[in-house]
Amino acid sequence: MVVVVFYLALYPLPGAVVVVVCEIRPQVQAQSLKVRDARIARKEEGMSRLAKRVALLSRSSYSAAAAPPPRRPSSAAACRWLAPALHHAIEPTAHRDAGIGRRHYSSPSSSSGYHVSPSSSMKGAVFRDPTRPLSLEILQIPRPQPGEVLIRTKACGVCHSDLHVLKGELPFASPCVVGHEITGEVVEQHPLTDPKIVHRFPVGSLVVGAFSMPCGSCFQCSKGHDDLCEDFLAYNRAQGTLYDGNTRLFLHGTGEPVYMYSMGGLAEYCVVLATGLAVLPASLPYSESAILGCAVFTAYGAMTHAAEVRPGDSIAVIGVGGVGSSCLQIAKAFGASDIIAVDISDEKLQKAKIFGATHTVNAIKEDAIEKIKTITGGMGVDIAVEALGKPQTFMQCVQSVRDGGKAVMIGLTKSGAVGEVDINRLVRRKIKVIGSYGARARQDLPKLVSDQNAP
């Protein structure tokens with residue numbers, strides 16, 4: 001069973017943080033809304049704990065040899081989210097686990113623990129073109145190469161950039177499996193993988209995976225800029241493969257290649273580069289923790305490396321969906337003073353107050369730029385963050401900052417979209433416009449999940 005975490009609240013639509021659990025099979029039974037509501041409440045409580053965790057990051061440390069955490073109980077909740085999207089109905093077999101995730105135990109001295117049978121198959125949600133919904137199809141269980149880890153997926157977030165791909169707004173190779181923020185269980189390592197990696201991520205350990213998986217050896221990675229990894233952009237984002245130029249996903253039976261958006265997390269198994277993983281502590285539940293790999297990871301990179309938030313800074317966050325809500329929490333944890341949430345949904349703005357917003361602005365009901373300036377005594381904010389990806393909000397972000405301020409752009413948009421900037425103001429007022437794609441997986445992901453940051 002794979003948990004699909006819907007953290008995304010689309011900007012034009014009402015909604016907040018929602019956790020949905022679904023099983024990758026065409027026939028599932030939805031349980032009561034009471035169960036889901038309890039999960040939503042638990043999610044909000046977990047996000048509050050996350051803010052406390054982020055506040056202690058400066059004192060965090062990471063032990064590469066940490067023992068694997070105990071297993072968490074799996075959730076029994078389910079939903080019908082994928083069922084209406086099926087193109088080819090796949091009936092569960094009488095013996096569903098026969099051939100899926102079959103374990104072959106080896107001697108205690110083995111570095112890889114147990115293996116998944118090469119003949120095993122799995123189910124995955126495959127995207128083929130924007131005119132067709134996702135379809136559940138039978139895939140071969142992927143085989144990890146050296147430096148890669150095979151993960152049995154426990155939970156996977158659904159991000160707005162996934163939706164851009166599904167709607168054809170971001171060109172990407174197809175057929176493919178999307179889903180790029182996951183938690184799961186380590187089930188296999190390649191025999192030639194570095195023993196240090198095997199020791200760090202032993203079979204059976206629970207891990208969280210970041211959407212950006214640095215190669216660790218390109219020019220940018222050698223400078224510590226994992227978020228600019230050349231291989232990730234050239235191979236995964238441009239071709240849908242890992243860094244040897246090959247995908248790890250193939251249709252069962254025909255062997256047709258299926259491409260990977262990051263690790264292709266909307267499947268029962270996925271392959272992740274070890275550089276994009278961190279061990280998930282026992283204090284964090286695997287379902288809610290999936291969004292650490294993108295929603296929180298992206299926000300942390302923006303607030304830490306691009307915005308460089310300092311205590312007392314005034315901050316506006318435009319678009320308070322999954323990433324924007326995380327920005328609010330991190331801004332509060334870093335000691336920001338005025339924290340202004342801008343959206344067009346009153347429901348989301350109410351939620352924003354829970355996540356740390358001191359002021360809210362409904363951009364439909366009032367001029368967002370003027371309201372931000374009023375709140376800040378006519379100056380504008382020190383830092384404005386655009387977390388939606390629209391030309392209009394891009395312009396609002398730039399115009400909301402004070403002289404010498406920073407406008408940080410983290411929202412992806414339709415390919416080819418252009419944002420406008422007042423050049424004279426940019427030059428004369430020393431406005432800084434900074435793009436931020438994410439955090440740095442090797443340095444930042446372990447900090448975000450470290451038990452030493454727990455309240």
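1. Side note on the overall build of the protein chain
Part 1 of the reasoning: Within the protein chain, the regular secondary structure consists of 13 helices and 19 strands.
Part 2 of the reasoning: The buried share among the 455 residues of the protein chain stands at 56%.
Part 3 of the reasoning: Within the protein chain, residue pairs in contact and separated by at least 24 positions form 72% of the contacts whose partners lie at least 6 positions apart.
Part 4 of the reasoning: Surface summary for the protein chain: the accessible area is close to 18400 Å², and the carbon and sulfur share equals 54%.

2. Regarding the packing of helix α7 (residues 295-306) against helix α8 (residues 322-333)
When two helices pack together, their arrangement is captured by the angle between the axes and the distance separating the axes.
Part 1 of the reasoning: Between α7 and α8, the shortest axis-to-axis distance is 8 Å and the interhelical angle comes to 50°. If you check the angle between α7 and α8, you find them oblique. Along this stretch, α7 crosses α8, giving a crossing that reads as right-handed. In this structure, α7 uses Ala295, Val296, Thr298, Ala299, Tyr300 and Met303 to contact α8, whose residues at the interface are Gly322, Val323, Ser326, Cys327, Ile330 and Ala331.
Part 2 of the reasoning: For the contact of α7 with α8, the class distribution of residues is nine nonpolar, three polar and no charged.

3. Concerning the environment of Phe394
Part 1 of the reasoning: Inspection of the secondary structure assignment puts Phe394 in helix α11 (residues 391-399).
Part 2 of the reasoning: Separated by 13 residues in sequence, Phe394 and Ala407 have C-alpha atoms that sit 8.7 Å apart.
Part 3 of the reasoning: Residues contacting Phe394, with those up to four places away along its chain left out, are Glu386, Met409, Gly419, Glu420, Val421 and Val433.

4. A word on the pattern of salt bridges
Part 1 of the reasoning: Inspection of every chain in the model, using the stated rule, returns 14 salt bridges.
Part 2 of the reasoning: Salt-bridge contacts for Asp227 lead to Arg440; the nearest nitrogen and oxygen are separated by 3.6 Å. Of the two residues, Asp227 sits in the loop between α4 (219-222) and α5 (230-239) while Arg440 sits in the loop between β19 (432-435) and α13 (441-449), which places them 213 residues apart along the sequence.
Part 3 of the reasoning: Of the charged contacts in the structure, one is a salt bridge between Asp346 and Lys365, with a shortest N-O distance of 2.5 Å. With Asp346 in helix α9 (residues 346-354) and Lys365 in the loop between β16 (359-362) and α10 (368-375), this pair connects stretches of sequence that are 19 residues apart.
Part 4 of the reasoning: Judged by relative accessible area, Asp346 falls into the partly exposed class, the value being 40%.

5. Some details on the pairing of strand β15 (residues 339-343)
Consecutive side chains along a regular strand alternate between the two faces of the sheet.
Part 1 of the reasoning: With five of its five residues buried, β15 lies for the most part within the structure.
Part 2 of the reasoning: The side-chain alternation of β15 yields two buried faces, one formed by Ile339, Ala341 and Asp343 and the other by Ile340 and Val342.
Part 3 of the reasoning: In this sheet, β15 lies alongside strand β14 (residues 315-318) in parallel orientation, the contact comprising four bridges. Bridged to Val317 within β15 is Ala341.
Part 4 of the reasoning: Crossover β14 to β15 through α8 is right-handed.
Part 5 of the reasoning: Both β15 and β16 contribute to a ladder of four bridges, which runs parallel. When the sheet's bridge partners are listed, Ala341 is paired in β16 with Thr360.
Part 6 of the reasoning: Considered for its hand, the β-α-β crossover made up of β15, α9 and β16 is right-handed.

Parameters and conventions
Residues numbered from 1 in each chain as written. Predicted model: local features only at pLDDT ≥ 70, side-chain atom pairs only at ≥ 80, totals over all residues. Heavy atoms only, no water. Helix = DSSP H or I, 4+ residues; strand = E, 2+ residues; numbered from the N terminus. Buried < 20%, exposed > 50% of the residue type's maximum accessible area, 1.4 Å probe, protein only. Contact = heavy atoms within 4.5 Å. Areas by Shrake-Rupley, 256 points an atom, 1.4 Å probe, with all protein chains shown as cover. Axes fitted to C-alpha atoms, helices over the stretch in contact; angles between N-to-C directions. Parallel < 35°, antiparallel > 145°, perpendicular 65-115°, else oblique. Left-handed = near helix turned anticlockwise from the far one by under 90°. Nonpolar A, V, L, I, M, F, W, Y, C, P; charged D, E, K, R; others polar. Salt bridge = Lys/Arg side-chain N within 4 Å of Asp/Glu carboxyl O. Pairing = 2+ DSSP bridges. Right-handed = clockwise from strand over helix to strand, strands pointing away.

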